[in-house]
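# Structural overview for review
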Amino acid sequence: MSFPLTVIKEQSLKNRTNRQCGTCTACCTIIGVKELNKERWTKCVHEAGCCQIYEDRPLPCRTFECMWLSGHIEGDERRRPDTLGIIFVPSDNDKLPIIACWECFPGAADKNVHLLKQLATKAILYILPFGEPQKWKVLGPACYRETIQNMLVKAAQLH
Ligand code: SF4
Ligand code: SF4
């Protein structure tokens, strides 16, 4: 995946091979999986501590990788989504450094204001409150002020 994310540090990518999902199953609740008729923020019926249909899980489950797992977010297991409370997912937009920040529980973004502000100096963050994506917030660096402003106008129109 091409992603011009300057927040990425070489050192964090070296940690890539050490990272494992372990006991985290946060994305099994957060992401939507069309093949399973699974809505976002709904626990998958196949999740029971781990995936019960691991060998037969659909493609979106096989290919999903959050930015902590891929090594693009620095930090140890305390930054793993099940502990941190936020799943960071890079946008498909390869022109802008956009990160979707999905809350895994209500208030997780408020608990991680410092980290989000740090990331927002380098990338545009879409913060998606738990179960209420229509209340999204956008943070980002001054150089993207116009883009962010347009996003906020669009968001306001959707509310
Ligand atoms: S949220 Fe990330 S670390 Fe957690 S299970 Fe999904 S891919 Fe693995
Ligand atoms: S099928 Fe397995 S990997 Fe996919 S969401 Fe359900 S529990 Fe998670």
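All of the points below concern the structure found in this document.

Cut-offs used in this document
Residues numbered from 1 in each chain as written. Chains lettered and ligands numbered in written order. Predicted model: local features only at pLDDT ≥ 70, side-chain atom pairs only at ≥ 80, totals over all residues. Near = placed C-beta within 6 Å. Helix = DSSP H or I, 4+ residues; strand = E, 2+ residues; numbered from the N terminus. Domains from an automatic or database assignment. Nonpolar A, V, L, I, M, F, W, Y, C, P; charged D, E, K, R; others polar. Buried ≥ 20, exposed ≤ 12 C-beta atoms within 10 Å, placed from the backbone. Core = buried A, V, L, I, M, F, W, Y, C linked by C-beta atoms within 7 Å. Contact = placed C-beta atoms within 7 Å.

Every one of the 14 residues lining ligand 1 counts as a neighbour, but Cys21, Cys24, Cys27, Cys66 and Pro81 are closest to it. Only helix H2 (26-30) and helix H4 (81-84) provide two or more residues apiece to the shell around ligand 1. Residues lining the shell around ligand 1 come from more than one domain, with at least three contributed by each of domain 1 (23-64) and domain 2 (77-159).

Around ligand 2 sit Cys28, Val33, Cys44, His46, Glu47, Cys51, Ile53, Arg57 and Cys61, and that is every residue in its neighbourhood. Residue composition of the shell around ligand 2, grouped by class: six nonpolar, one polar and two charged.

Notably, Asn37 is not glycine yet its phi reads approximately 50°, a positive angle. Inspection of the secondary structure assignment puts Asn37 in the loop between H2 and helix H3 (59-63). Here Trp41, not a glycine, exhibits a phi torsion of approximately 55°, which is positive. Along the chain, the position of Trp41 falls in the loop between H2 and H3. Judged by the 18 C-beta atoms lying within 10 Å of it, Trp41 is partly exposed.

This part is about the nonpolar core. Soluble globular proteins tend to bury their nonpolar side chains together. Ranked by size, the top nonpolar core spans 32 residues in total, and within it Cys66, Ile86, Ile87, Phe88, Ile99, Cys101 and Leu125 carry the most contacts. Every element with two or more residues in this core is listed here: H2, strand E1 (86-90), strand E2 (98-103), helix H5 (108-111), helix H6 (113-119) and strand E3 (124-128). Leaving out residues up to four positions away in the same chain, Ile87 has contacts with Ala26, Cys27, Ile30, Cys66, Pro81, Trp102 and Cys104.

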